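The primary structure of each chain is shown beneath.
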Amino acid sequence: MASRRKPPLLGHNGGPPLKEKPHVPPWGRGGIKTFFSWRAAHQRAWKSVPRETMIRRADKAEALGLSYEEYHLELLERGRYLQAEDVETIAAIKAKRSRKR
């Protein structure tokens, strides 16, 4: 005996259900305060650099073979400027870059 489907109700377009999985907001299932605190801190860290400082860091990054973002992120994470003597750290950053591609 073949199973018979009920016809769709009036006004239904016969498409898939709209609520297959529950909606998760950008901040996840946790508290909203932490999300906005981290987002504000991220914006302050990346957008509050004076122009002259940004140019100087970009020049240093280029001399080391890194992008400005890689150089600045290393400064934010470690709290120290990369030097030409930091060969291992620079090589690790470049290796991470090639793995992302």
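Counting of residues starts from 1 at the beginning of each chain's written sequence and follows it residue by residue. Totals for whole chains, interfaces and linings use every residue, but because this is a predicted model, local features are given only for residues with pLDDT of at least 70 and side-chain atom pairs only at 80 or more, for both listing and counting. With hydrogens and water stripped out, all remaining heavy atoms of the structure feed into the side-chain values.

## Some details on the nonpolar core
Phase 1 of the analysis: In these notes, a set of buried Ala, Val, Leu, Ile, Met, Phe, Trp, Tyr and Cys residues joined through side-chain atoms within 4.5 Å is what counts as a nonpolar core. Each residue gets one of three labels from its accessible area relative to the maximum for its type: buried under 20%, exposed over 50%, partly exposed in between, using a 1.4 Å probe on protein chains only. Membership of the largest hydrophobic core is limited to 7 residues, which are Ala61, Leu64, Leu66, Tyr71, Leu82, Ile90 and Ile93.
Phase 2 of the analysis: Within the residue set of this core, elements represented by two or more residues are α2 (51-64) and α4 (87-100).
Phase 3 of the analysis: Any two residues whose heavy atoms approach within 4.5 Å are treated as being in contact. Look past the residues within four positions of Leu64 in its chain and what remains in contact with it is Tyr71, Leu82, Gln83, Ala84, Ile90 and Lys94. Labels follow the DSSP assignment, with helices taken as runs of H or I lasting at least four residues and strands as runs of E lasting at least two, numbered in each case from the N terminus.

## A closer look at the pattern of salt bridges
Phase 1 of the analysis: What counts as a salt bridge is simple: a side-chain nitrogen of Lys or Arg found within 4 Å of a carboxyl oxygen of Asp or Glu. The final tally for this structure, using the stated rule, is 4 salt bridges.
Phase 2 of the analysis: When the shortest N-O distance is used, the salt bridge between Arg78 and Glu74 registers 3.1 Å. In this pair, Arg78 and Glu74 both sit in helix α3 (residues 68-78), 4 residues apart, roughly one turn of the helix.
Phase 3 of the analysis: For Glu74, a relative accessible area of 7% gives the class buried.
Phase 4 of the analysis: The salt bridge involving Asp86 is made with Arg80; its shortest N-O contact spans 3.3 Å.
Phase 5 of the analysis: Residue Asp86 is classed as buried on the basis of its relative accessible area, which comes to 14%.
Phase 6 of the analysis: In the salt-bridge network here, residues are joined through shared partners; they are Glu74, Glu77 and Arg78.

## A short note on α2
Phase 1 of the analysis: Here a helix's expected span is defined as the number of its residues, less one, multiplied by 1.5 Å. The terminal C-alpha atoms of α2 lie 20 Å apart, and with 14 residues this matches the ideal 20 Å at 1.5 Å per residue to within 8%.
Phase 2 of the analysis: Turning to α2, its buried residues number three or more, namely Thr53, Arg57, Ala61 and Leu64. Taken around the axis of α2, the buried residues stretch over an arc of 70 degrees, which confines them to a single face. Summarising the geometry of α2, the exposed residues directed more than 90 degrees from the buried face are Arg51, Glu52, Glu62 and Ala63.
Phase 3 of the analysis: Gly65 occupies a position one or two residues after α2 and carries a positive phi of about 85 degrees. The directions considered for the arc are those from the helix axis to the C-beta atoms.

## Quick notes on the packing of α2 against α3
When two helices pack together, their arrangement is given by the angle between the helix axes and by the axis-to-axis distance.
Phase 1 of the analysis: Axis lines are fitted through C-alpha atoms, for helices just across the contact stretch, and the angle between N-to-C directions can take any value from 0 to 180 degrees. Their axes nearest at 8 Å, the elements α2 and α3 cross at an angle of 105 degrees. Taken together, the axis directions place α2 and α3 in an arrangement best described as roughly perpendicular. Mapping the contact onto sequence places Met54, Arg57, Ala58, Lys60, Ala61 and Leu64 in α2 and Tyr68, Tyr71, His72 and Leu75 in α3.
Phase 2 of the analysis: Side-chain classes follow a simple rule in which Ala, Val, Leu, Ile, Met, Phe, Trp, Tyr, Cys and Pro form the nonpolar group, Asp, Glu, Lys and Arg form the charged group, and the remainder, Gly included, forms the polar group. Broken down by class, the residue content of the contact of α2 with α3 amounts to 7 nonpolar, 1 polar and 2 charged. Each angle gets one of four labels, with under 35 degrees taken as roughly parallel, over 145 as roughly antiparallel, 65 to 115 as roughly perpendicular, and the rest as oblique.

## Some words on the packing of aromatic side chains
Phase 1 of the analysis: Stacked, tilted and edge-to-face pairs are distinguished by plane angle, under 30 degrees for stacked and over 60 for edge-to-face with tilted covering the rest, among Phe, Tyr and Trp rings (Trp via its six-membered ring) whose centres lie within 6.5 Å. Per the counting criterion, the structure on display carries 1 aromatic pair.
Phase 2 of the analysis: Judged by centre distance (5.0 Å) and plane angle (75 degrees), the rings of Phe35 and Phe36 are edge-to-face.
Phase 3 of the analysis: Since its relative accessible area comes to 23%, Phe35 is described here as partly exposed.
Phase 4 of the analysis: For Phe36, a relative accessible area of 36% translates into the label partly exposed.
Phase 5 of the analysis: Each ring is checked for a lysine NZ or an arginine CZ that lies within 6 Å of its centre and within 35 degrees of its normal; such an atom marks a charge sitting over the ring. Positioned above the aromatic ring of Tyr81, the side-chain terminus of Lys60 is 5.2 Å from the ring centre.

Bear in mind that shape data such as this cannot, by itself, settle questions of function.
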